[in-house]
Amino acid sequence: MNLPEPRPPAEPAQPPYSLADTLAANPQKSRTGLRRVWHAAGYSLQGLRAGWGEKAFRLEAILALVLLPVSVWLARDWRDWALLITPVFLVLIAELLNTGIEMAMDRFGPEWHVLAKKAKDMGSAAVFLALVLCAAVWLPALYERLLK
């Protein structure tokens, strides 16, 4: 009976990367102060543009553009306004994160994998819960303003 060859001992874990290694791999990390903030803002705008290319985000963003002016009319004070706009932004944030998860999973290939499916499903669930929260805040507010 042929037994498999014994495995060699595992190599010791690599030490954490040094700052020099990180800067060599990614020179953007060397930016500081306002220059770093400026570049980070640019990357954020690129992310919003990429999100706009996704149908679900675009639909939710258009809905947000409608709800934000309505929130000014609906709110009695700044607290009401903050309560109304917070779930709207949470929906947009959840959708961007969900899209990022889906793209990261798709980056590895089109084949089905149980962990990729779970990651995508959880991202989708986050968007769903954000939408439920948004409806739970907005529907009573609209009811109170329009029907009472």
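Residues numbered from 1 in each chain as written. Predicted model: local features only at pLDDT ≥ 70, side-chain atom pairs only at ≥ 80, totals over all residues. Heavy atoms only, no water.

**Description of helix 5 (residues 114-147)**
Convention followed: The helix count covers DSSP runs of H or I at least four residues long, the strand count covers runs of E at least two residues long, and both are numbered beginning at the N terminus. Expected span, for any helix, means 1.5 Å times one less than how many residues it has. Buried residues are those whose accessible area, probed at 1.4 Å on protein chains only, stays under 20% of the maximum for their type, while exposed residues exceed 50% and partly exposed ones sit between those limits. Whether two residues are in contact is decided by their heavy atoms: any pair within 4.5 Å suffices.
Here helix 5 is 34 residues long and its end C-alpha atoms lie 47 Å apart, about the 50 Å a rise of 1.5 Å per residue gives. Turning to helix 5, its buried residues number three or more, namely Ala116, Gly123, Val127, Ala130, Cys134, Val137 and Trp138. Residues of helix 5 that are buried in the fold lie against helix 3 (55-74) and helix 4 (78-107).

**Side note on helix 4**
Cut-off, in case you're wondering: Here a polar contact is taken to be a pair of N or O atoms separated by no more than 3.5 Å, where protein atoms must pair a possible hydrogen donor with a possible acceptor and residues adjacent in sequence count only if both atoms sit in side chains.
Helix length check: helix 4 (30 residues) gives 43 Å between terminal C-alpha atoms against 44 Å at 1.5 Å per residue, within 8%. Residues Leu84, Ile85, Pro87, Val88, Val91, Leu92, Ala94, Glu95, Asn98 and Thr99 constitute the buried set of helix 4. Turning to helix 4, the residues buried within the fold contact helix 3 and helix 5. Structurally, the start of helix 4 carries an N-cap: the backbone nitrogen of arginine 79 is 3.1 Å from a side-chain oxygen of aspartate 77.

**Quick word on the packing of helix 4 against helix 5**
Rule in force here: To get an axis, a line is fitted to the C-alpha atoms, and for a helix only the part in contact is used. The angle between two axes follows their N-to-C directions and goes from 0 to 180 degrees. For this classification, under 35 degrees means roughly parallel, over 145 means roughly antiparallel, 65 to 115 means roughly perpendicular, and everything else is oblique. Should the near helix be turned anticlockwise from the far one by less than a right angle, the crossing is left-handed, and should it be turned clockwise, the crossing is right-handed. Ten residues, namely Ala, Val, Leu, Ile, Met, Phe, Trp, Tyr, Cys and Pro, are considered nonpolar, four, namely Asp, Glu, Lys and Arg, are considered charged, and the remaining ones, Gly among them, are considered polar.
Where helix 4 meets helix 5, the axes come as close as 9 Å, and the angle between the chain directions of the two elements is 170°. Taken together, the axes of helix 4 and helix 5 are roughly antiparallel relative to one another. For the element pair helix 4 and helix 5, the recorded crossing hand is left-handed. Of the residues belonging to the contact of helix 4 with helix 5, the class tally is 20 nonpolar, 3 polar and 4 charged.

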